[in-house]
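# Coordinate inspection notes
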Amino acid sequence: MKVQARGQAWAAALLSAALLSACATPRPDAVPGEAVWSGRLALQVDSAPPQSFSAGFDLRGAPAAGELQLVSPLGNTLATVVWTPQSAELRQGGQVTRRGSLDELTTELSGTAVPVTALFGWLRGEQGEVPGWQADLTRQAQGRITARRSAPLPTAELRVVFQP
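This write-up is about the structure you can find in this document. (Residues numbered from 1 in each chain as written. Predicted model: local features only at pLDDT ≥ 70, side-chain atom pairs only at ≥ 80, totals over all residues. Heavy atoms only, no water.)

With respect to the helices, strands and loops of the structure, Q140 is situated in the loop between β7 (133–136) and β8 (144–149). One polar contact links the side chain of Q140 to the main-chain carbonyl oxygen of L123, over a distance of 2.9 Å. (Helix = DSSP H or I, 4+ residues; strand = E, 2+ residues; numbered from the N terminus. Polar contact = N/O pair within 3.5 Å; in protein donor to acceptor, adjacent residues only side chain to side chain.)

All right, on to the sheet that holds β7 then. The strand order across the open sheet formed by 9 strands is β6-β5-β4-β3-β2-β1-β9-β8-β7, and the pairing between neighbours is antiparallel. Both edges of this open sheet fall to β6 (95–99) and β7, since each of them pairs with a single strand only. Across the sheet, the axes of successive neighbouring strands diverge by a mean angle of 20°, strand direction being ignored. Both strand β1 (residues 35–45) and strand β9 (residues 156–161) contribute to a ladder of 6 bridges, which runs antiparallel. Looking at β9, one finds that L43 is bridged to L158. (Pairing = 2+ DSSP bridges. Axes fitted to C-alpha atoms, helices over the stretch in contact; angles between N-to-C directions.)

This part is about the packing of aromatic side chains. A complete count under the given rule lists 2 aromatic pairs for this structure. Centroid distance W37 to F162: 6.4 Å. Interplanar angle 85°. Geometry classified as edge-to-face. Residue W37 is found in strand β1, and its partner F162 is found in the segment after β9; the two are separated by 125 residues along the sequence. Overall, W37 belongs to the buried group, its relative accessible area being 8%. Classification of F162 by relative accessible area gives buried; the value is 4%. (Phe/Tyr/Trp six-rings, centres within 6.5 Å; stacked < 30°, edge-to-face > 60°. Buried < 20%, exposed > 50% of the residue type's maximum accessible area, 1.4 Å probe, protein only.)

Turning our eyes to something else, we now look at the pattern of salt bridges. Considering all chains together, one arrives at 5 salt bridges under this definition. Between R124 and E126 there is a salt bridge whose closest N-O contact spans 3.4 Å. The exposure class assigned to R124 is partly exposed, which follows from its relative accessible area of 45%. Look at E126 and you get partly exposed, because its relative accessible area is 42%. Between R148 and E157 there is a salt bridge, with its nearest N and O atoms 2.9 Å apart. Each of E89, R91 and R98 takes part in salt bridges that share partners, so that together they form one network. (Salt bridge = Lys/Arg side-chain N within 4 Å of Asp/Glu carboxyl O.)

With that settled, consider the pairing of strand β4 (residues 77–83). Most of β4 sits out of view: 6 of its 7 residues are buried. Relative to β4, strand β3 (residues 66–71) is paired through 6 bridges, and the arrangement is antiparallel. When the bridges of β4 are listed, L70 appears paired with A79. Hairpin connection between β3 and β4: a loop of 5 residues separates the two successive antiparallel strands, and G75 in this loop has a positive phi of roughly 90°. Pairing geometry for β4 and strand β5 (residues 88–92), over 4 bridges, is antiparallel.

Have a look at this one:
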């Protein structure tokens, strides 16, 4: 129940950010070789009961190690996810949840492994292979990416809006 309550708190925090209107662009404060993006994202998981998350985001780093910060419309940090090849952690308020991998952490919190590391390539228009996920990059040049997960269940859809 404690894990479910944390997931529900995370979902509630993300839902409060649904009206965020930021755009995603590579930011100049990145160190060489590091990508930095900002924008908004939404995740819908077809679980029982269905779950929906929406928030602004700042994505920094690389697929192997990075940071995803989820922000409210006012720019307040709702949660921060930090990962390395050895672990991943969610920082939300005064609570920290640690797991052995980013997939393990996102699965626990949302009911499905969210392809956070694949976002780096998708934002650049690179298809990349993610097991169970199919990215639609046909509107990437217009600043829209949609990715759908069909297997394993539950199905999910991730939408990202950004400035190309």
